[in-house]
Amino acid sequence: MTTSNKAKMIVDKSFRIAEVDNRIYGSFIEHMGRAVYGGIYEPEHPSADSQGYRNDVKDLIKELNVPIIRYPGGNFVSGYNWEDGVGPVEERPKRMELAWRTIEPNYIGTNEFAQWAKDLGTEVMMAVNLGTRGIDAARNLLEYCNHPSGTYWSDLRRKHGYEQPHKIKTWCLGNEMDGPWQIGHKTAEEYGRLALETAKAMRQVDPDIELVTCGSSSSQMATFPEWEASTLEHTYEAVDYISLHQYYGNRDNDSANFLARTMDMDHFIHTVSSTCDYIMAKKRSKKKMNLSFDEWNVWYHSNDQDSKLDPWTIAPPQLEDVYNLEDALLVGSMLITFLRHADRVKMACLAQLVNVIAPIMTENGGRAWKQTIFYPYLHASKFGRGVSLMPVVDSPKYDSKDFTDVPYLDSAIVFNEENEELTIFAVNRNLESSLILECDVRSFTGYRLIEHIVLEHDDLKAVNTAGEEKVKPHSQGKSESKDGWVTASLTKASWNVIRLSKIK
């Protein structure tokens, strides 16, 4: 063994970043592809419940323990009339859905989705249409969802069979309004004014809601980060979060460069945080703006297939990326990045949840299964609740096409004081050899190793299908704890979850 394949880490319970907001393990359901129809909802499926929802899909979502789900878009929301999706289903119109060039039948709408989420024990992050619509539609939808009774819209909800208000707390003021592809695209000045006035009206209806203003659609936008600075000039005091969206792909099949892309994500978060703090200083404000990373994932596999789809059909197989091991490793690193920024990133939504660039895939009328990215998402949601600690890391590094000094070890630490558990999340980016990790945990007196979970495969391109799960975790990771130190062997190109617990 040489120093080139050894990493060292110090973990101390006093090195606190922040309490992890469980909503960083959120997800997203948009009316596109087979996310809704054929995904969560399929009345003819053998597992369907009395409302038409697939129980096999519900079970997989429950396993992930998703705390919040963004709905109904996405690009879809910028052309959506929410009134089309309420009332008797047989009276709802079928609409041309311009964002994804499909037909939206409106079998599922606001009430059905809110009830489905409630049955799952998850919250809804509702988006309002600031593309083709604006203040009036947003305040009316909020009144319909949250006001108890005695007004036109709240009584209409009750007439539709939902006596109790949905009490949706978190609301997105539009979606990706900086994007020229967006229906009703706005300039920063146009959006900032509209978002401010919409926020003011919505808070008149329900003062207790949280509001998310649109940040840049990605860090590669030509207007980034000027968009954030310009729009926050208007909305800073009226909102609670600003959104970030980012997708990564490996189109040139350069795995080392692909696995380094969270370096870009880290810079994205720093830049948005700095821009927010600049506006805070400029306005002499005492409020710190938090971040909602409400779209993120790997997305590129399905691009060619999607370009060949016929338009104007109902629920075509859009954006159905089939994920491999290296995608799972990057998803793990993206989750690690959120944990290291737990002081600013308070919500995040893996886009999306079922079929559409998703951890869960289904066959119409058939099976549901776990994609490779299901597992790091599961492990982070399950074990990443508590306080995020800042590890002091000394790792060998490498250079890739777009990045320099990329640590082979990518890691985050979560301390769950209530359960007396310490979890080390670690990705070994080295594609050729194992990495020996020596971790100083002496501040955690009496803690011992209880499990080392590993996700690995000899083939970076290995995928899971309905018939075969090639990439799945095991608990035979090679680790030991002794005298306040953990020594672990992180196999090449692997996702690792190393768990310690206090001896009772």
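To be clear, the structure that these remarks concern was listed above.
Each value, and the rule that gives it
Residues numbered from 1 in each chain as written. Predicted model: local features only at pLDDT ≥ 70, side-chain atom pairs only at ≥ 80, totals over all residues. Heavy atoms only, no water. Helix = DSSP H or I, 4+ residues; strand = E, 2+ residues; numbered from the N terminus. Buried < 20%, exposed > 50% of the residue type's maximum accessible area, 1.4 Å probe, protein only. Contact = heavy atoms within 4.5 Å. Areas by Shrake-Rupley, 256 points an atom, 1.4 Å probe, with all protein chains shown as cover. Expected span 1.5 Å × (residues − 1). Pairing = 2+ DSSP bridges. Axes fitted to C-alpha atoms, helices over the stretch in contact; angles between N-to-C directions. Salt bridge = Lys/Arg side-chain N within 4 Å of Asp/Glu carboxyl O. Phe/Tyr/Trp six-rings, centres within 6.5 Å; stacked < 30°, edge-to-face > 60°. Lys NZ or Arg CZ within 6 Å of the ring centre and 35° of its normal. Polar contact = N/O pair within 3.5 Å; in protein donor to acceptor, adjacent residues only side chain to side chain.

Engineer: Would you mind going over the overall build of the protein chain in detail, with residue names and values included?
Structural biologist: Helix and strand counts for the protein chain stand at 11 helices and 25 strands. Considering the protein chain as a whole, with its 504 residues, one finds that 62% of them fall into the buried category. When contacts within the protein chain are restricted to residue pairs at least 6 apart in sequence, those whose partners lie at least 24 apart make up 77%. By element, 48% of the accessible surface of the protein chain is carried by carbon and sulfur atoms, the whole surface being about 19,800 Å².

Engineer: I'd like a description of helix α8 (residues 262-282), backed by residues and values.
Structural biologist: Over its 21 residues, α8 runs 30 Å from end to end, which matches the ideal 30 Å to within 8%, given 1.5 Å per residue. Contacts made by the buried residues of α8 are with α6 (226-235), β10 (241-248), β11 (290-298), α10 (325-340), β12 (345-351) and β19 (409-416). Looking one or two places after α8, you find Arg 284, whose phi comes out positive at around 55°.

Engineer: Outline the sheet that holds strand β16 (residues 392-394), supporting the account with residue identities and numerical values.
Structural biologist: In spatial order, the strands read β16-β1-β21-β24-β23; together these 5 strands make up an open sheet with mixed pairing. Taken across any chain shown, the strands that pair with only one partner, and hence form the sheet edges, are β16 and β23 (478-482). Averaged over all pairs of adjacent strands, the angle between strand axes in this sheet comes to 15°, irrespective of strand direction. Looking at chain direction, strand β1 (residues 6-10) and β16 are connected through 3 bridges and run antiparallel. Note that in β16 the partner of Lys 8 across the bridge is Asp 394.

Engineer: Can you tell me about the pattern of salt bridges, naming the residues and giving the values?
Structural biologist: All chains considered together, the criterion is met by 29 salt bridges. Between Asp 136 and Arg 139 there is a salt bridge whose closest N-O contact spans 2.8 Å. With Asp 136 and Arg 139 both in helix α3 (residues 135-146) and 3 residues apart, the pair spans about one turn of that helix. Classification of Asp 136 as partly exposed rests on a relative accessible area of 44%. Taking the shortest distance from any N to any O, the salt bridge between Asp 402 and Arg 261 comes out at 3.8 Å. Of this pair, Asp 402 sits in the loop between β17 (397-398) and β18 (406-407) while Arg 261 sits in the loop between α7 (255-258) and α8; the two residues are 141 residues apart in sequence, bridging distant segments of the chain. The class of Asp 402 is partly exposed, set by a relative accessible area of 44%. Look at the salt bridges and you will find they share partners, linking Asp 21, Arg 23 and Glu 210 into a network.

Engineer: Give a description of the packing of aromatic side chains that names residues and reports values.
Structural biologist: Under the definition given, this model contains 22 aromatic pairs. Where Tyr 37 meets Tyr 107, the ring centres are 5.7 Å apart and the plane angle is 80°; that geometry is what we call edge-to-face. With Tyr 37 in the loop between β3 (26-28) and α1 (55-64) and Tyr 107 in the loop between β6 (102-104) and α2 (110-120), the pair connects residues that are 70 residues apart, well separated along the chain. Of note, Arg 70 hangs over the ring of Phe 28, and the distance from its end group to the ring centre comes to 4.7 Å. Against the face of Tyr 236 rests Lys 287, its NZ or CZ located 5.5 Å from the ring centre.

Engineer: Got a sec to walk through the side chain of Ser 400? Specific residues and values, please.
Structural biologist: Structurally, Ser 400 can be placed in the loop between β17 and β18. By relative accessible area, Ser 400 is classed as buried at 15%. Reaching out from Ser 400, the side chain makes a polar contact with the side chain of Asn 257 at a distance of 2.7 Å.

Engineer: Hey, could you go over α10 for me, with residue numbers and the actual values?
Structural biologist: The terminal C-alpha atoms of α10 lie 23 Å apart, and with 16 residues this matches the ideal 22 Å at 1.5 Å per residue to within 8%. Among the 16 residues of α10, 15 are classified as buried, and the element is accordingly described as predominantly covered. Capping the start of α10, Asn 324 holds a side-chain oxygen 3.2 Å from the backbone nitrogen of Glu 326, two or three residues further along.

Engineer: So what's going on with the pairing of strand β8 (residues 170-173)? Residues and values would help.
Structural biologist: On β8, burial covers both faces: Thr 170 and Cys 172 on one face and Trp 171 and Leu 173 on the other are all buried. Alignment of strand β7 (residues 123-128) against β8, held across 4 bridges, turns out to be parallel. Residue pairing in the sheet places Met 125 in a bridge with Thr 170 of β8. Bridge analysis of β8 against strand β9 (residues 210-213) gives 4 bridges, and the strand direction is parallel. The partner of Leu 173 across the bridge, within β9, is Thr 213.

Engineer: For unusual backbone geometry, give the residues involved together with the corresponding values.
Structural biologist: Of note, the amide linkage connecting Tyr 71 to Pro 72 takes the cis form, showing an omega dihedral of 0°. Relative to the elements of secondary structure, Pro 72 occurs in the loop between β4 (68-71) and β5 (95-97). Following Phe 224, the chain continues into Pro 225 via a peptide bond in cis, with omega recorded as -5°. Tracing the chain through its elements places Pro 225 in the loop between β9 and α6. The phi dihedral of Trp 312 falls on the positive side, at around 65°, and the residue is not glycine. Relative to the elements of secondary structure, Trp 312 occurs in the loop between α9 (303-306) and α10. Given a relative accessible area of 30%, Trp 312 falls into the partly exposed group. The phi torsion at Ile 357 lies on the positive side, around 35°, for a residue other than glycine. Assignment of secondary structure puts Ile 357 in the loop between β12 and β13 (360-362).

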